[in-house]
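Here is what each chain is made of, one letter per residue.
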Amino acid sequence: MRVLFVHQNHSSPPGLVGDAFASLGYDVSEFTVVPRERYNSPDVTATFPDPLRYDAIVAFGAVWAVYDEAAIGTWIHDEIAFTRRAIAGGVPVLGICFGGQVLATAIGGSVARAPEAEIGWTTVDTSAPDLIDPGPWFQWHIDRFEVPHGVQVLARTKHASQAFVYGRSLGLQFHPELTSAVLQTWLDDGGKAELTAQGIDVDGLLTRTRALDAEAAVRARELVRRFTRDVATAPADATVLTFQAS
């Protein structure tokens, strides 16, 4: 089984999600859209691989907004088209944060600024705990996705939808890959200044993340297992997969 990890930039490591796919025996390939040297000028030309070469695709987060073409350029349209081709070809997609917003856009939804940023560990209101555990899950986003009518939203917080299923694909707003090491990478790439400016206790956030590392790993591994077992195996022509609360 082959999985492709789509990294929007160099500072989106696979973390716990990568560990989970490896534990399930997947061979991992990786594709980075914006190279390290273009992090501050991300309007690059990106040639996405053929999604039909893979058995699953995971699209990770980014510091940019899906709708901010002035900053990131036209590669966002290429990534949306890549995602649509994967869906049309029956390839399961797991979209995380920015990746979830790309997935929502690819199926006819939209992305816009949320009424309030969500940063830190948050319990979600889930209607399908057999797929999406209540958490806590780590959040770091200022945008949110809206899915088209008829697409099932499985989890929410006060400010944003947190999970949806469309056929063989699962979109998430939260970050199941997050470990204290991943968080440190984000903080070192400018996140510390951003959080400090918002009055967030960075040291406290790191301390709590370290305390949650072990249980977060269990949740992430189970989420990926459920995705590959229950979502990725839906009928190829399904548009909506219904989950019943347990």
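Relevant structure appears above.
As the structure is a computational prediction, the values presented were derived from the model and not from experiment. Sequence order as written defines the numbering, with residues in each chain counted from 1. The predicted origin of the model limits local features to residues at a pLDDT of at least 70 and limits the giving and counting of side-chain atom pairs to 80 or more, whereas totals for whole chains, interfaces and linings rest on all residues. Heavy atoms from the whole structure form the basis of all side-chain values; hydrogens and water molecules are not counted.

### A few points about the pairing of strand β10 (residues 169–172)
Filter applied, for reference: Buried residues are those whose accessible area, probed at 1.4 Å on protein chains only, stays under 20% of the maximum for their type, while exposed residues exceed 50% and partly exposed ones sit between those limits. Numbering of helices and strands runs from the N terminus; a helix is a DSSP stretch of H or I covering at least four residues, while a strand is a stretch of E covering at least two. Strands are treated as partners if at least two bridges between them are detected by DSSP.
Of the two faces of β10, the one holding Ser169 and Gly171 and the one holding Leu170 and Leu172 are both buried throughout. Here strand β4 (residues 93–96) pairs with β10 via three bridges, running parallel. From the neighbouring strand, Leu94 faces β10, where its bridge partner is Leu170. Sheet topology places strand β9 (residues 161–166) next to β10; four bridges connect them, and they run antiparallel. Pairing of Ala163 across the sheet is with Leu172, part of β10. From the end of β9 to the start of β10, which pair antiparallel, there are two residues, and Gly167 there has a positive phi angle of about 60°.

### Some thoughts on the side chain of His175
As a reminder of what qualifies: Whether two residues touch is decided by their heavy atoms; if any such pair falls within 4.5 Å, the residues are in contact.
Position of His175 relative to the elements: it lies in the loop between β10 and α5 (180–197). Residue classification places His175 among the buried residues on the basis of a relative accessible area of 5%. Ignoring sequence-local partners within four residues, the contact set of His175 consists of Gly61, Ile96, Cys97, Phe138, Trp140 and Trp186.

### Points about the packing of aromatic side chains
Aromatic ring pairs are defined here through the distance separating the ring centres and the angle between the ring planes. Under the convention used in this document: Planes of paired rings set the category: under 30 degrees apart is stacked, over 60 is edge-to-face and the rest tilted, where pairs are Phe, Tyr or Trp rings (Trp by its six-membered ring) whose centres lie within 6.5 Å.
Per the stated rule, a full pass over the model turns up 13 aromatic pairs. Judged by centre distance (6.2 Å) and plane angle (70°), the rings of Trp64 and Trp75 are edge-to-face. Taken together, the residues Trp64 in the loop between β3 (56–59) and α2 (69–72) and Trp75 in helix α3 (residues 75–88) connect sequence positions 11 residues apart. Summarising the burial analysis for this pair, Trp64 and Trp75 share the class buried. Taken together, a centroid distance of 6.2 Å and an interplanar angle of 45° make the contact between Trp75 and Phe98 tilted. Residue Trp75 is located in helix α3, and its partner Phe98 is located in helix α4 (residues 98–106); the two are separated by 23 residues in the primary sequence.

### Topic: helix α1 (residues 15–23)
Taken residue by residue, α1 has Gly15, Leu16, Val17, Gly18, Ala20 and Phe21 as its buried positions. A positive phi of about 90° marks Gly25, the residue just after α1.

### Remarks on the nonpolar core
Cut-off, in case you're wondering: What we call a nonpolar core is a set of buried Ala, Val, Leu, Ile, Met, Phe, Trp, Tyr and Cys residues that are connected through their side-chain atoms within 4.5 Å.
One finds Val6, Val33, Ile57, Trp75, Ile76 and Phe164 to be the most contacted residues of the largest nonpolar core, which totals 34 residues. At the level of elements, β1 (2–7), β3, α3 and α4 are the ones that each hand at least two residues to this core. Setting aside its immediate chain neighbours within four residues, Ile57 contacts Val3, Leu4, Val6, Pro51, Phe82, Ala86, Val91, Pro92, Val93 and Leu94. Of all hydrophobic cores here, the second largest spans 28 residues; its members include Val58, Leu94, Ala128 and Leu131.

### Considering the packing of α5 against helix α6 (residues 202–231)
Selection criterion: Note on geometry: axes are C-alpha line fits, over the in-contact stretch for helices, and angles between N-to-C directions span 0 to 180 degrees. Roughly parallel refers to an angle under 35 degrees, roughly antiparallel to one over 145, roughly perpendicular to one between 65 and 115, and oblique to any angle outside these ranges. By convention, the crossing between two helices is left-handed when the near helix turns anticlockwise from the far helix through less than a right angle, and right-handed when the turn is clockwise. Each residue gets one of three labels, nonpolar for Ala, Val, Leu, Ile, Met, Phe, Trp, Tyr, Cys and Pro, charged for Asp, Glu, Lys and Arg, and polar for the others, Gly among them.
At a minimum axis separation of 11 Å, α5 and α6 run at an interaxial angle of 165°. By the angle between their axes, α5 is roughly antiparallel relative to α6. For α5 against α6, the interelement crossing comes out right-handed. Between α5, through Ser180, Leu183, Gln184, Leu187, Lys192, Leu195 and Thr196, and α6, the contact on the second element is made entirely by Val202, Leu205, Leu206, Thr209, Arg210 and Asp213. Taken together, the residues of the contact of α5 with α6 sort by class into six nonpolar, four polar and three charged.

### Some remarks on the pattern of salt bridges
Any two side chains of opposite charge can pair, on the condition that their charged atoms come close. For clarity, the cut-off: Criterion for a salt bridge: a side-chain nitrogen of Lys or Arg within 4 Å of a carboxyl oxygen of Asp or Glu.
Overall, the coordinates contain eight salt bridges when judged by the stated rule. The partner of Arg38 in a salt bridge is Asp43, with the nearest N and O atoms 3.1 Å apart. Here Glu215 and Arg219 are joined by a salt bridge, their closest N and O atoms 3.1 Å apart. Highlighted residues: Glu215 and Arg219, both in helix α6, separated by four residues, approximately one helical turn. By relative accessible area, Glu215 is classed as partly exposed at 36%.

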